[in-house]
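Each chain, written out:
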Amino acid sequence: IIKMAAWTPSSWQAKTALQMAEWEDKAQATEVLEKLSKLPPLVQAGECDLLKQRLAEAGRGERFIVQGGDCAERFQDCQADRLESQYKLIWQLGAILEHATGRAGVRICRI
């Protein structure tokens, strides 16, 4: 059994950044990170718990996973219409598979 390391809001900073941008203005980057740290989370704890439960169900063959989205999205591409189209596409793919298989799905949109 592999035990996960304890997570804290700053635990990611101790990890090697293999694909991180080098910010020219480090002071501004620090300022932005401080501002973001004061904002509410994008995802609530209950949603994470539900996702873990559904992923476990998929692992047992009780559900299937539909996952899609951009691999290297750019900030300039984060526009409401584009994101909504991606979301609808993943949702529709999941609905088609649910109908065809009779099995519930887990939709994961990387946006």
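Everything quoted here is computed from the prediction, not taken from an experiment.

*Asks:* Explain the overall build of the protein to me, please; I cannot follow it from the model alone.
*Replies:* A tally of helices and strands in the protein yields three helices and two strands. Against the compact-globule benchmark of 13 Å for 111 residues, the protein has a radius of gyration of 18 Å, which places it well outside the compact range. In terms of overall dimensions, the protein has C-alpha extents of about 55 × 40 × 25 Å along its principal axes. Looking at the 111 residues of the protein, the share that counts as buried comes to 13%. Here the analysis covers contacts within the protein between residues at least 6 apart in sequence; of these, 65% occur between residues at least 24 apart. Total accessible area on the protein is roughly 10000 Å²; 59% of this is exposed by carbon and sulfur atoms. For the protein, the distance from the average site of its 15 positive side-chain charges to the average site of its 15 negative ones is 7 Å.

*Asks:* Help me out: how do you make sense of the packing of aromatic side chains in this one?
*Replies:* Here the distance between the centres and the angle between the planes together describe a pair of aromatic rings. Throughout the structure, instances matching the rule amount to one aromatic pair. Aromatic pair Tyr-87 and Trp-91: ring centres 6.1 Å apart, planes at 20°, arrangement stacked. Of the two residues, Tyr-87 and Trp-91 are both situated in helix 3 (residues 80–101); the distance of four residues between them amounts to about one turn of the helix. Take Tyr-87: its relative accessible area is 44%, and that puts it in the partly exposed class. Residue Trp-91 is classed as partly exposed on the basis of its relative accessible area of 45%. Lying over the aromatic face of Trp-91, Arg-107 brings its terminal NZ or CZ to 3.9 Å of the ring centre.

*Asks:* Where do I start with the environment of Glu-62 in this structure?
*Replies:* Mapped onto the secondary structure, Glu-62 falls in the loop between helix 2 (45–59) and strand 1 (64–69). In this structure Glu-62 comes out as partly exposed when scored by relative accessible area, which is 41%. Sequence separation of Glu-62 and Gly-105 is 43 residues, and the distance between their C-alpha atoms is 8.7 Å. Glu-62 has contacts with Glu-57, Arg-103 and Ala-104, leaving out every residue within four places of it along the chain. Polar side-chain contacts of Glu-62 include one of 2.9 Å to the side chain of Arg-60.

*Asks:* Before we go on, may I ask you to explain the environment of Leu-51 in this structure?
*Replies:* Considering the arrangement of structural elements, one finds Leu-51 in helix 2. Residue class for Leu-51 comes out partly exposed when judged on its relative accessible area of 36%.

About the criteria used
Residues numbered from 1 in each chain as written. Predicted model: local features only at pLDDT ≥ 70, side-chain atom pairs only at ≥ 80, totals over all residues. Heavy atoms only, no water. Helix = DSSP H or I, 4+ residues; strand = E, 2+ residues; numbered from the N terminus. Rg over C-alpha atoms; globule rule 2.2 N^0.38 Å. Buried < 20%, exposed > 50% of the residue type's maximum accessible area, 1.4 Å probe, protein only. Contact = heavy atoms within 4.5 Å. Areas by Shrake-Rupley, 256 points an atom, 1.4 Å probe, with all protein chains shown as cover. Lys, Arg positive; Asp, Glu negative; His and termini not counted. Charge placed at Lys NZ, Arg CZ, Asp CG, Glu CD. Phe/Tyr/Trp six-rings, centres within 6.5 Å; stacked < 30°, edge-to-face > 60°. Lys NZ or Arg CZ within 6 Å of the ring centre and 35° of its normal. Polar contact = N/O pair within 3.5 Å; in protein donor to acceptor, adjacent residues only side chain to side chain.

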